[in-house]
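A structural walkthrough
Letter by letter, the chains look like this.
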Amino acid sequence: MNSHVLHTLEFNQIQKMLVDRAGSTLSKEMAMKWCPSSEYEIIQNWLNETDEAFRCLHKEVSMPLGQTHDIRTVLSKAEKDICIMPNEFTDLLTTLLTYEKMHHYFEGERHLIYPTLESLSQRMISMEGLVLKLNRVFDDTGKIKDNASSKLSRIRTTIVALKSRIRRALQHIINDKEQAIFFRDAIITQRNDRYVVPIKEEYRYRFDGIVHDRSSTGQTLYMEPMISVQLNNDLTEAYAEEKSEIRNILLSLTKEVYKNSKEIYLNCELATQMEFVFARGQLALDMQGIRAVCSKNGEVYLKEARHPLIDVKKVVPISLPLGKDYKVLVVTGSNAGGKTIAIKTLGILALMNQAGLFIPAQEGSLLPIYENIYAIIGDDQSIQYNLSTFSSYITQLSSFLDKCTSSDLVLLDELGSGTDPIEGAALAESVTEFLCQKQVSTIITSHFSEMKKMAYESEGIENAFVEFDLKTLMPTYRLIIGVAGNSNAFNICRRLHLTDEVINKAIKLKQNSPYNNMESIMSNLNEQMQQIQKDKLLIEKTLYESQLLRDELKKERDLLFAKRKQILEKTREESEAIKRNLRVESELIIKELKKKVSSMNRETLNLHVAHIRDKIDGLRLPNNKLEIQREYPKTLAVGDMVFIDTLGSNGTITAISGKKITIACGTINVTVDKKHCFIPEKSNISSSVKVTPKIRVSKNYRETAISKVSTTLNIIGKTVDESIFEVDKFLNDAFMAGISPVQIIHGKGTGSLRKGIHTHLRTLPFIKEFHLADARNGGAGVTEVYL
């Protein structure tokens, strides 16, 4: 990208944002030099880095970053064999420790989440050996340790011993009562790295020692007693020896740094790059930016995009399509309405995208990679070359118009302005047509009506305008695609308090213009667009509320079905209990019936009782499926089959009396209201029993029934609940067949199954007696039942 377009679109402000977020001097320098690229692979790699840094900053608790220093001076001194100072070694050690942290941060599971950053960190070379040597010499405060070398350890031990001897000698002098009058204070202090005592000035010749300093008043002399002179000399020599040994240690470490200088330079470069990547990630986080989708066909779609240099509380987002249905967009509208900001937004976001940065827009925004971006925005009048605004504009236009291609982006602000309006409009039309024919993605701002007309009539060129509120006489800064806008010059003049006489005269003169009607049409179209936009927002709001209501109704329906299921389950349980009680009561009735109807034919009686029992056993219980919508038959006649909802089965009509319908269901007749009769269920038609005038009883029914009934029932291994149903059926069949006694084999076991069966047998009225079988027939494992 050429430097002129970076300056025009203010990319240097984006660089400053990156500088503010860069952590070190080196990464700040990189930020100031950072420029967009036009290479697809490079840009995608940059975006991958920014994406991973963005996610890392958003999700991770710790960061791979740390304190680093500009160590280039330290490395330069090492290369020149100049001794590196302790404070410089401390900065170097801190920096190397951060490099180690970066190198190991993405190991483990993180290398799957951040592969690009992991690849960058793995190119760094571990400096653990050098770090270990530096840690062996320097402590946490940056001071050289006593055990940095054996010689230094011995020297410092000597220094400590000498200091102790000197203090003891001086303390002995201070404590001497004969010399107590000589001292200003009974303390030991230092002057010129030698231990001294404060002596009153009047006793200087009576105290045996050497003067090293005096107080500001001259009343106190700091004198070294002669007795400690040699000890102080020894201490001074020890200090000199310590300093020499420290220098040797530092020179040795300097050579170690020189040996590893290439690796350190590489790590420094990679660490700076890592810091800068996280500066880009932090900028994306602060801007609430997104990664633009790369468009390979030149299509642009900025969705709710914001100019990054305008306060987020004031900026008005715009949506801008380009390059799909049209290549050239002509933006019209009022002055100070946001036309220039609109084209600058596309320009700077394209530069940010090609610099590996996220853009402040909504997800789904599309941006291609442009080979070049050309922009002429603002007044670049050149005094040096004696160029007017128009001349300067044309000079810049001439520099790229012939060489721009379909892979470039051209942004032209107020094309054709600064000269005769007729000639300027003609020039603007010609340049626009030229760029359209070359298929160059272009946005042009203009006030010329000829440009609006051209965009309406030409293929590949589209109109757009920045909205102006006629009520407030203020721009809204919203970009509307598909319609040209008015300049609203007179309205702006009124807002700026221009004389009404001048404005009214201008309006009359404008009415004579051939484009006056077109301006009126534009005004009407703008009003319609504003109304459509309001209607659209209302529809979207209504749709949103409808979706909320639908979701709420769905929840209510689910709750209703859940409650219905609970009610039906409870009803089933109650129905089972009713059916069980009904069976007991029916057996009592049958028993009494047998006693009273002794003269009735036994076979006929047994058959009738069997039908009654079958009907009881066949009672239907409610299920959990939804009630189906049933239809009434068009006509009802004797012999028709219908479905009775109160019985849940089909039947045949045998008589009709008004609204009362008599229906035969199997072997019984029921009378129901007409409203309970529906079209019969197909699944039950074939199985339903036709009414017969008489019940024909087979003579050999009893023999057939007896031959099918067993006299024993084995329930070993089953629970009490599982066994009761089988016992009931077994005893009913035996009772109907007239078999008695029968045997229930339950086994001995723990006795719980036997106890449960005996408890149940006591509730059955048709049981005469029951007891355990004798030892030959099973003993305690078998119960004999007499009916």
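Check the entry above for the structure.
My aim in this report is to walk through the structure given alongside it, one point at a time. (Residues numbered from 1 in each chain as written. Predicted model: local features only at pLDDT ≥ 70, side-chain atom pairs only at ≥ 80, totals over all residues. Heavy atoms only, no water.)

1. Here we look at the environment of isoleucine 290
Of note, isoleucine 290 is situated in the loop between helix 12 (261-287) and strand 5 (293-294). Here isoleucine 290 is in contact with Phe358, Ile359, Ala361, Gln362, Glu363 and Ser365, once residues within four sequence places are set aside. (Helix = DSSP H or I, 4+ residues; strand = E, 2+ residues; numbered from the N terminus. Contact = heavy atoms within 4.5 Å.)

2. Focus on the environment of leucine 75
Structurally, leucine 75 can be placed in helix 5 (residues 72-79). C-alpha separation for the pair leucine 75 and lysine 262, spaced 187 residues apart in sequence, amounts to 9.3 Å. In this view, leucine 75 contacts Val257, Ser261, Ile264 and Tyr265; residues no more than four positions away in its chain are not counted.

3. Remarks on the packing of aromatic side chains
Here the structure, examined in full by the defined rule, presents 11 aromatic pairs. Consider the rings of tyrosine 632 and phenylalanine 678, whose centres lie 4.7 Å apart with planes at 25°: the pair is stacked. In this pair, tyrosine 632 is assigned in the loop between helix 20 (602-617) and strand 15 (641-644) and phenylalanine 678 in strand 19 (residues 677-678), connecting sequence segments 46 residues apart. The rings of Phe182, Phe183, Tyr203 and Phe207 are connected pair by pair, giving a single aromatic cluster. Its end group placed over the ring of tyrosine 105, arginine 110 keeps NZ or CZ at 4.1 Å from the ring centre. (Phe/Tyr/Trp six-rings, centres within 6.5 Å; stacked < 30°, edge-to-face > 60°. Lys NZ or Arg CZ within 6 Å of the ring centre and 35° of its normal.)

4. Here's the deal with the pairing of strand 2 (residues 194-200)
In terms of residue burial, strand 2 counts as a mostly covered element, since 6 of its 7 residues are buried. Sheet analysis places strand 1 (residues 189-191) next to strand 2, joined by 3 bridges and oriented antiparallel. By the bridge assignment for strand 2, glutamine 190 is matched with tyrosine 195. In this structure, the hairpin formed by strand 1 and strand 2 is closed by a connection of 2 residues, where asparagine 192 is found at a positive phi of approximately 55°. The sheet contact formed by strand 2 and strand 4 (residues 220-225) spans 4 bridges and is antiparallel. Following the sheet pairing, proline 198 is matched in strand 4 by tyrosine 222. (Buried < 20%, exposed > 50% of the residue type's maximum accessible area, 1.4 Å probe, protein only. Pairing = 2+ DSSP bridges.)

5. Some thoughts on the packing of helix 15 (residues 421-437) against helix 16 (residues 449-457)
Where helix 15 contacts helix 16, the two axes come as close as 9 Å, and the packing angle between them is 30°. Considering their axes alone, helix 15 and helix 16 lie roughly parallel with respect to each other. Considering the relative orientation of helix 15 and helix 16, their crossing is right-handed. Contacts between helix 15 and helix 16 involve Ala425, Ala428, Glu429, Thr432 and Glu433 from the first element and Glu450, Met451 and Met454 from the second. Of the residues belonging to the contact of helix 15 with helix 16, the class tally is 4 nonpolar, 1 polar and 3 charged. (Axes fitted to C-alpha atoms, helices over the stretch in contact; angles between N-to-C directions. Parallel < 35°, antiparallel > 145°, perpendicular 65-115°, else oblique. Left-handed = near helix turned anticlockwise from the far one by under 90°. Nonpolar A, V, L, I, M, F, W, Y, C, P; charged D, E, K, R; others polar.)

6. Points about unusual backbone geometry
The phi dihedral of asparagine 192 is positive, around 55°, even though this residue is not glycine. Turning to its location among the elements, asparagine 192 is positioned in the loop between strand 1 and strand 2. On the basis of relative accessible area, asparagine 192 is assigned to the exposed category, the value being 59%. Of note in the backbone geometry, glutamate 304 takes a positive phi value of approximately 50° without being a glycine. Locating glutamate 304 in the fold gives a position in strand 6 (residues 300-305).

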